[in-house]
Amino acid sequence: MAEAKENTEYFAKGVLDTNLEGLKKVYKGKVRDVYEVDEKTSLFVVSDRISSFDRVMTTPVPGKGKILNQLSEFWFNYLEEKCGVKNHMITCDIDKMPKEVQKHKEVLKGRCMLVKKLKMIPVEAVCRAYLTGSGFKDYQKSGAVCGHKLPEGLRNCQKLPSVIFTPATKAAFGDHDENITEEQAAGILKKQGFNFKDLKETALKLFGEAVKYAESKGIIIADTKFEMGLLEGLLIVGDEVLTPDSSRYWDKKKYVVGQQQDSLDKQYVRDYLISINFDRDGGGVPLPKEVCEKAMEKYKEIFKILTGKDAEL
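Here is what the cut-offs are and how they apply
- For every chain, the first residue of its written sequence is number 1, and the numbers climb from 1 along that sequence.
- With pLDDT at 70 or above as the cut-off, local features in this predicted model cover only qualifying residues; side-chain atom pairs require 80 or more to be listed or tallied, and sums for whole chains, interfaces and linings still use all residues.
- With hydrogens and water set aside, each side-chain value is computed from the structure's full complement of heavy atoms.
- Counting from the N terminus, the helices are the DSSP runs of H or I reaching at least four residues and the strands are the DSSP runs of E reaching at least two.
- Atoms counted for the radius of gyration: C-alpha only. Globule rule: 2.2 Å times the number of residues to the power 0.38.
- Whether a residue is buried, partly exposed or exposed follows from its accessible area with a 1.4 Å probe, protein chains only, as a fraction of its type maximum: under 20%, in between, or over 50%, in that order.
- The criterion used for residue contact is that any of the two residues' heavy atoms lie within 4.5 Å.
- When charges are counted, Lys and Arg are positive and Asp and Glu negative, with His and the chain ends excluded.
- Here the site of a charge means NZ on Lys, CZ on Arg, CG on Asp, or CD on Glu.
- Each pair of aromatic rings taken from Phe, Tyr and Trp, with Trp reduced to its six-membered ring, is defined by centres within 6.5 Å and is described as stacked if the planes are under 30 degrees apart, edge-to-face if over 60, and tilted in the remaining cases.
- In our convention, an over-ring charge means Lys NZ or Arg CZ found within 6 Å of a ring centre and within 35 degrees of that ring's normal.
- What is meant by a nonpolar core is a set of buried Ala, Val, Leu, Ile, Met, Phe, Trp, Tyr and Cys residues, joined one to another through side-chain atoms within 4.5 Å.
- We call two strands paired when DSSP finds no fewer than two bridges between them.
- Any two cysteine sulfur atoms lying within 2.5 Å of each other are counted as a disulfide.
- A helix's residues, less one, multiplied by 1.5 Å, set its expected span.
- Buried and open spaces are told apart on a 1 Å grid over the protein atoms alone, a cavity being a set of points where a 1.4 Å probe fits but cannot get out and a pocket being an open set with protein on both sides within 12 Å along at least five of seven lines. Residues with an atom within 4 Å of a point are the lining residues.
- Grid points are joined across faces, edges and corners, and a volume is the space filled by probe spheres set on the points.
- Only Asp, Glu, Lys and Arg are considered charged in this grouping, and only Ala, Val, Leu, Ile, Met, Phe, Trp, Tyr, Cys and Pro are considered nonpolar; every other residue, Gly among them, is considered polar.

Undergrad: Outline the overall build of the chain, supporting the account with residue identities and numerical values.
TA: Within the chain, the regular secondary structure consists of nine helices and 17 strands. In summary, the chain has a C-alpha radius of gyration of 19 Å against a globular reference of 20 Å for 313 residues, a match within 12%. C-alpha extents for the chain along the principal axes are approximately 55 × 55 × 40 Å. For the chain, buried positions account for 53% of its 313 residues. Look at the contacts in the chain between residues 6 or more apart in sequence, and 66% of them connect residues 24 or more apart. The averaged location of the 48 negative side-chain charges in the chain is 2 Å from the averaged location of its 51 positive side-chain charges.

Undergrad: I'd like a description of the environment of Lys13, backed by residues and values.
TA: Along the chain, Lys13 falls in the loop between helix H1 (2-12) and strand E1 (24-28). Note on Lys13: relative accessible area 64%, which makes it exposed. When the C-alpha positions of Lys13 and Pro62 are compared, they lie 5.8 Å apart, and in sequence the two are 49 residues distant. With residues up to four places along the chain from it excluded, the contact list for Lys13 reads Asp48 and Pro62.

Undergrad: Describe the packing of aromatic side chains, and please don't skip the residues or the numbers.
TA: Summed over all chains, the structure comprises 12 aromatic pairs. Between Trp250 and Tyr255, the ring centres sit 5.8 Å apart and the planes meet at 10°, which makes this aromatic pair stacked. With relative accessibility at 2%, the residue Trp250 sits in the buried group. Take Tyr255: its relative accessible area is 24%, and that puts it in the partly exposed class. Each residue in the set Phe74, Trp75, Tyr78 and Tyr213 is aromatic and connected to the rest through ring pairs, giving one cluster. Seen from the ring of Phe194, Lys119 lies directly overhead, with NZ or CZ sitting 5.1 Å from the centre.

Undergrad: Go over the nonpolar core with me, naming the residues and quoting the values.
TA: For soluble globular proteins, the rule of thumb is that nonpolar side chains tend to be buried together. Grouped together as the largest cluster of nonpolar side chains are 70 residues, with contacts concentrated most on Trp75, Leu79, Phe226, Met228, Leu242 and Tyr249. At nine residues, helix H7 (residues 196-216) tops the list of elements feeding residues into this core. Non-local contacts of Trp75, meaning those with residues more than four positions away in its chain, are made with Ala210, Tyr213, Val241, Leu242, Tyr249 and Leu306. By size, the runner-up hydrophobic cluster in this structure holds 12 residues, among which are Tyr35, Val37, Cys112 and Leu114.

Undergrad: An account of the pairing of strand E15 (residues 219-231) is needed here, citing residue identities and associated values.
TA: Counted residue by residue, E15 has 11 buried out of 13 residues, so it is predominantly covered. Bridge count between strand E8 (residues 119-120) and E15: two bridges; the pairing is antiparallel. Opposite Met120, over in E15, you have Gly229 as the bridge partner. Pairing geometry for strand E9 (residues 123-131) and E15, over four bridges, is antiparallel. Bridge pairing links Ala125 to Phe226 in E15. Across five bridges, E15 lies against strand E17 (residues 247-251) in antiparallel orientation. Residue Ile221 lies in a different strand from E17, and its bridge partner there is Tyr249.

Undergrad: Could you give an account of the state of the cysteines, with specific residues and numbers?
TA: By definition, a disulfide is the covalent link that joins the sulfur atoms of two cysteine residues. Evaluation of the coordinates by the stated rule reveals zero disulfides. Summary of cysteine pairing: Cys127 is not part of a disulfide, and the nearest cysteine sulfur, belonging to Cys83, is at 11 Å. Residue Cys127 is classed as buried on the basis of its relative accessible area of 0%. Free cysteine Cys146: the closest other cysteine sulfur is in Cys127, separated by 11 Å. Its relative accessible area of 9% is what places Cys146 among the buried residues.

Undergrad: Can you break down the environment of Asp138 residue by residue, with the values?
TA: Mapped onto the fold, Asp138 is located in helix H5 (residues 133-142). Measuring from C-alpha to C-alpha, the distance between Asp138 and Asn179 comes to 9.3 Å, with 41 residues separating the pair along the chain.

Undergrad: Describe helix H9 (residues 289-307), naming the residues involved and giving the relevant values.
TA: Taking 1.5 Å as the rise per residue, H9 with 19 residues should run 27 Å; its terminal C-alpha atoms sit 27 Å apart, in good agreement. Along H9, the residues that are buried comprise Lys289, Val291, Cys292, Ala295, Met296, Lys298, Tyr299, Ile302, Phe303, Leu306 and Thr307. Against H1, helix H2 (64-83), H7, E15, E17 and helix H8 (267-275) lie the buried residues of H9. Following H9 by one or two positions, Gly308 adopts a phi angle in the positive range, close to 80°.

Undergrad: An account of the layout of surface pockets is needed here, citing residue identities and associated values.
TA: As a volume, the second largest pocket reaches approximately 340 Å³. Residue lining of the second largest pocket: 16 residues in total, with Gln70, Glu73, Cys92, Gly110 and Glu312 positioned closest to the centre. Elements supplying a minimum of two residues to the lining of the second largest pocket: H2 and H9. Tallying contributions element by element places H2 first for the lining of the second largest pocket, with five residues. Residues of the lining of the second largest pocket, tallied by class, amount to four nonpolar, five polar and seven charged.

Keep in mind these numbers describe shape, not what the thing actually does.
Set out below in structure tokens:
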């Protein structure tokens, strides 16, 4: 009885969904809710929802959304300074946002970002430095990842000879993202008036800078995905960037090739779901409190390592 009450109280702290009076919700993603502020501006709200295998779990991870939002803010600022690549962020300071946003401060503080509206590119820009996840599965079947033929005999989580760019289609809510070749991505983008070469070069530039910074902190970034769009013809980084939801972070000291790593990201949740034979074609399931707490510990840890401070929770 006491345990059930404790679980109820724990999950009640999480933000599973938002409904902000006075603002029009225009999109609900796996983790983010997007509200229209005006014709040029949107409000991104990062919930505590967690997805795995493209399925959204039915329980929140309380506080997770704040870490994702604040880590994106850190990386947006860092990468713009180092690479000169613009992003969609206007501010994460709710006191600098419009009044109709500020009135929801209690819910939004730490988990919202005022952003410029972009014409989004319908392909995720995935960069891989290590062979893991779906990439390793593809390699086991074909010896290649998204059209990149790789040397024989590579092991799970092995460092690749060089970073590869492996685009993926961005699935609608409830569908699975799909790895595609560079040629397929170029074809999709050409039809919609986007430049594939710019997307690839920008993603690899951002990834290289992020890898260098993370290594200085004793962290390996095995892979990540960027999402980009256009604003007045300029390529802009959007959505989230280098969060533990969109990236694989490994502790360099604990890294061992040939096995699954003790990741500082949502791999812990993936591993739990694999252990219970999760049906990847079904819906999300509730996660136990201890799994959510352990995942949150990892999110807090990578945030502190990378930024040098605790997240504001």
